[in-house]
Amino acid sequence: DAEITQSPRHKITETGRQVTLACHQTWNHNNMFWYRQDLGHGLRLIHYSYGVQDTNKGEVSDGYSVSRSNTEDLPLTLESAASSQTSVYFCASSERGYNEQFFGPGTRLTVL
Amino acid sequence: EDQVTQSPEALRLQEGESSSLNCSYTVSGLRGLFWYRQDPGKGPEFLFTLYSAGEEKEKERLKATLTKKESFLHITAPKPEDSATYLCAVGGRTSGTYKYIFGTGTRLKVLA
């Protein structure tokens, strides 16, 4: 069965360190997305990609970057982790931009 | 300003007690309204997509409806296994910018 996986599932890091969260999907979807979920804010879009070599900023992109070198993967990098980036991060994919999205299990990131 | 508001924030029902969840939105360039279910510690799971006012979708005990300004998720004779957080998301496009905005959700608890 097709799926979307994220790793690690839990990560603790220190302020100022670079962190990369992995996302891998086997749906063969062109569209991939990264969200963060915080109490009181719901899910907020960080970055999205319509296909290989395409990346776009979302609502809360400051301090984050992504790259898309193949269809299956969209890693999210925190260049210099800050305590405000403590959150649960979800990756998602969809067949088309305004279709339903399929979500991964999430990565809980704590920045100390 | 683009906004998606869900109400109530939390809802407790007795098993078999029907009710409705509300999602109101002000998002320009609407391309679709989406309902998801999220269980604790997991990623959102897609339920329904609605594209135009008057549209309705049904799945088991759930029925989603859409007007020009809001959507309702009706739950008929709920069971304890329907307990979850229900998320509404609206897809839109403004000046070429992709938007997929989530509400903060309704936490539903169904008591046996």
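Check the entry above for the structure.
Presented here is a report on the structure given in the accompanying data block.

About the criteria used
- Residues numbered from 1 in each chain as written.
- Chains lettered and ligands numbered in written order.
- Predicted model: local features only at pLDDT ≥ 70, side-chain atom pairs only at ≥ 80, totals over all residues.
- Heavy atoms only, no water.
- Helix = DSSP H or I, 4+ residues; strand = E, 2+ residues; numbered from the N terminus.
- Contact = heavy atoms within 4.5 Å.
- Buried < 20%, exposed > 50% of the residue type's maximum accessible area, 1.4 Å probe, protein only.
- Pairing = 2+ DSSP bridges.
- Polar contact = N/O pair within 3.5 Å; in protein donor to acceptor, adjacent residues only side chain to side chain.
- Salt bridge = Lys/Arg side-chain N within 4 Å of Asp/Glu carboxyl O.
- Axes fitted to C-alpha atoms, helices over the stretch in contact; angles between N-to-C directions.
- Buried area = accessible area lost by both parts, 1.4 Å probe.
- Core = buried A, V, L, I, M, F, W, Y, C linked by side-chain atoms within 4.5 Å.

Next up on the list: the environment of Ser 28 of chain B. Looking at the element boundaries, Ser 28 of chain B is found in the loop between strand S3 (19-26) and strand S4 (30-38). Setting aside residues up to four positions removed in sequence, Ser 28 of chain B forms contacts with Asp 2, Gly 92, Arg 93, Thr 94 and Lys 99 of chain B.

All names here are of chain A. Only one face of strand S11 (residues 107-111) is covered, namely the face carrying Thr 107, Leu 109 and Val 111; the face carrying Arg 108 and Thr 110 is uncovered. With 3 bridges joining them, strand S9 (residues 87-94) and S11 adopt antiparallel strand pairing. Bridge pairing in S11 places Tyr 89 opposite Thr 107.

Moving on, we get to the side chain of Asn 31 of chain A. Residue and element names in this part refer to chain A. Along the polypeptide, Asn 31 turns up in strand S4 (residues 31-38). In terms of polar contacts, Asn 31 uses its side chain to reach the backbone carbonyl oxygen of Glu 95, at 3.2 Å. Look past the residues within four positions of Asn 31 in its chain and what remains in contact with it is Ser 49, Tyr 50, Ala 92, Ser 93, Ser 94, Glu 95, Arg 96 and Gly 97.

This part is about the pattern of salt bridges. As enumerated under the stated definition, the model contains 8 salt bridges over all chains in all. Residues Asp 38 of chain A and Arg 36 of chain A are paired through a salt bridge, measuring 2.8 Å at the closest nitrogen-oxygen approach. Just as Asp 38 of chain A is buried, Arg 36 of chain A falls in that class too. Among the ionic pairs, Asp 82 of chain B bridges to Arg 61 of chain B, the shortest N-O distance being 2.8 Å. Note that Asp 82 of chain B is positioned in the loop between strand S8 (70-75) and strand S9 (84-94) and Arg 61 of chain B in the loop between strand S6 (56-59) and strand S7 (62-66), a separation of 21 residues in sequence. Arg 61 of chain B shares its class with Asp 82 of chain B; the two are buried.

A separate point is the sheet that holds S6 of chain B. Across a sheet, strands are paired by hydrogen bonds formed along the backbone, either parallel or antiparallel in direction. Residue and element names in this part refer to chain B. Read from one edge to the other, the open sheet built from 5 strands follows the order S1-S3-S8-S7-S6, with strand pairing classed as antiparallel. Looking at strand neighbours, the two that pair on one side only are strand S1 (3-7) and S6, the edges of this open sheet. Mean inter-strand twist for the sheet, computed between neighbouring axes without regard to direction, equals 15°. Pairing geometry for S3 and S8, over 6 bridges, is antiparallel.

Another aspect to go through is the interface of chain B and chain A. Each partner contributes to the interface: chain B provides 21 residues, whereas chain A provides 20 residues. In total, chain B and chain A occlude about 1,600 Å² of area from one another, counting both sides; carbon and sulfur atoms represent 57% of this. The three residues of chain B that bury the most area against chain A are Tyr 98, Tyr 100 and Phe 102 of chain B, which together make up 37% of that side's buried surface. Taken together, chain B and chain A are joined by 0 salt bridges. At the junction of chain B and chain A, the tally comes to 5 residue pairs in polar contact (both at pLDDT 80 or more). Put simply, the parts of the chain that give the side of chain B that touches chain A at least two residues each are S4, strand S5 (45-50), S9 and strand S10 (97-102) of chain B.

Counting 24 residues, the largest nonpolar core has Val 4, Leu 33, Trp 35, Leu 73 and Tyr 86 of chain B as its most contacted members. Listing elements by their share of this core, those giving two or more residues are strand S2 (10-14), S3, S4, S5, S7, S8, S9 and strand S11 (106-111) of chain B. Looking at this core element by element, the count peaks at 4 residues for S9 of chain B. Those residues in contact with Val 4 of chain B that sit more than four places away from it in its chain are Cys 23, Ser 24, Tyr 25, Val 27, Cys 88, Val 90, Ile 101, Phe 102 and Gly 103 of chain B. Counting 18 residues, the second largest nonpolar core, distinct from the first, contains Leu 76, Tyr 89, Leu 109 and Val 111 of chain A.

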